Amino acid sequence: MMPLFAVICRDHAGKLQTRLDTREQHLAFLGAQPGVTLAGPFVQDGQPCGSLLIVEGDSLSQVKDWAAQDPYALAGLFASVEVIEWKKVIG
């Protein structure tokens, strides 16, 4: 089994329309990556405000490079992106 990584993304304030406009490309990008095991938005006041992905990858640098190619990242949606190795314990 390959290592798992959490990709934690926080949206810039006021960029909801960017998220909505880029959503289909983002979902297609995730669907093309066989290592994506979980993905979904953070929600605040009923609106998405970031993303959490759990991804299998060869290395931290490989996952960081992959995450930088996400259409959301390329569209300037994210104020921050953190990638950190993650270990599944329950579930």
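What you see is a predicted model, and the numbers here were worked out from it, not measured in a lab. (Residues numbered from 1 in each chain as written. Predicted model: local features only at pLDDT ≥ 70, side-chain atom pairs only at ≥ 80, totals over all residues. Heavy atoms only, no water.)

Observations regarding the layout of surface pockets
Piece 1. The space that makes up the largest pocket amounts to roughly 180 Å³.
Piece 2. In terms of lining residues, the largest pocket is bounded by 14 residues, among which R19, R23, H26, P41 and Y72 are the most central.
Piece 3. Broken down by secondary-structure element, the contributors of at least two residues to the lining of the largest pocket are helix 1 (16–31), strand 2 (36–44) and strand 3 (47–56).
Piece 4. In terms of residue count, the dominant contributor to the lining of the largest pocket is helix 1 (six residues).
Piece 5. Residues belonging to the lining of the largest pocket are distributed by class as follows: nine nonpolar, three polar and two charged. (1 Å grid on protein atoms, 1.4 Å probe; cavity = no way out; pocket = protein on both sides within 12 Å on 5 of 7 lines; lining within 4 Å. Points joined across faces, edges and corners; volume = space filled by probe spheres on them. Helix = DSSP H or I, 4+ residues; strand = E, 2+ residues; numbered from the N terminus. Nonpolar A, V, L, I, M, F, W, Y, C, P; charged D, E, K, R; others polar.)

Here we look at helix 2 (residues 60–68)
Piece 1. Where helix 2 is concerned, the buried positions are V63, W66 and A67. For helix 2, the buried positions fall inside an angular range of 100 degrees around the axis, keeping them on one side.
Piece 2. Close packing links the buried residues of helix 2 with strand 1 (4–11), helix 1, strand 2, strand 3, helix 3 (71–74) and strand 4 (78–86). (Buried < 20%, exposed > 50% of the residue type's maximum accessible area, 1.4 Å probe, protein only. Arc of directions from axis to C-beta. Contact = heavy atoms within 4.5 Å.)

What about the environment of L53?
Piece 1. Examined against the element boundaries, L53 turns out to sit in strand 3.
Piece 2. Judged by relative accessible area, L53 falls into the buried class, the value being 2%.
Piece 3. In this structure the C-alpha to C-alpha distance between L53 and L30, which are 23 residues apart in sequence, comes to 9.4 Å.
Piece 4. Each residue touching L53, except ones within four places of it in the same chain, is listed here: F5, A6, V7, C9, L30, L38, A39 and W66.

Digging into the UniProt feature "domain: YCII-related" (unreviewed entry) in the chain
Piece 1. Here the UniProt feature "domain: YCII-related" (unreviewed entry) sits at residues 4–87.
Piece 2. Within the segment residues 4–87, helix and strand shares are 35% and 43% respectively, and the terminal C-alpha atoms sit 6 Å apart. (UniProt positions renumbered as here; feature names shortened; annotations may be inferred.)

Focus on helix 1
Piece 1. Taking 1.5 Å per residue as the helical rise, helix 1 with its 16 residues ought to reach 22 Å, and the 22 Å between its terminal C-alpha atoms agrees with that figure.
Piece 2. Along its length, helix 1 shows its largest kink, about 55 degrees, at R23.
Piece 3. Of the positions making up helix 1, those classed as buried are T18, R19, T22, H26, F29 and L30.
Piece 4. Structurally, helix 1 contributes buried residues whose contacts are with strand 1, strand 2, strand 3, helix 2, helix 3 and strand 4. (Expected span 1.5 Å × (residues − 1). Bend = angle between axes of the 7 residues up to and from the residue.)

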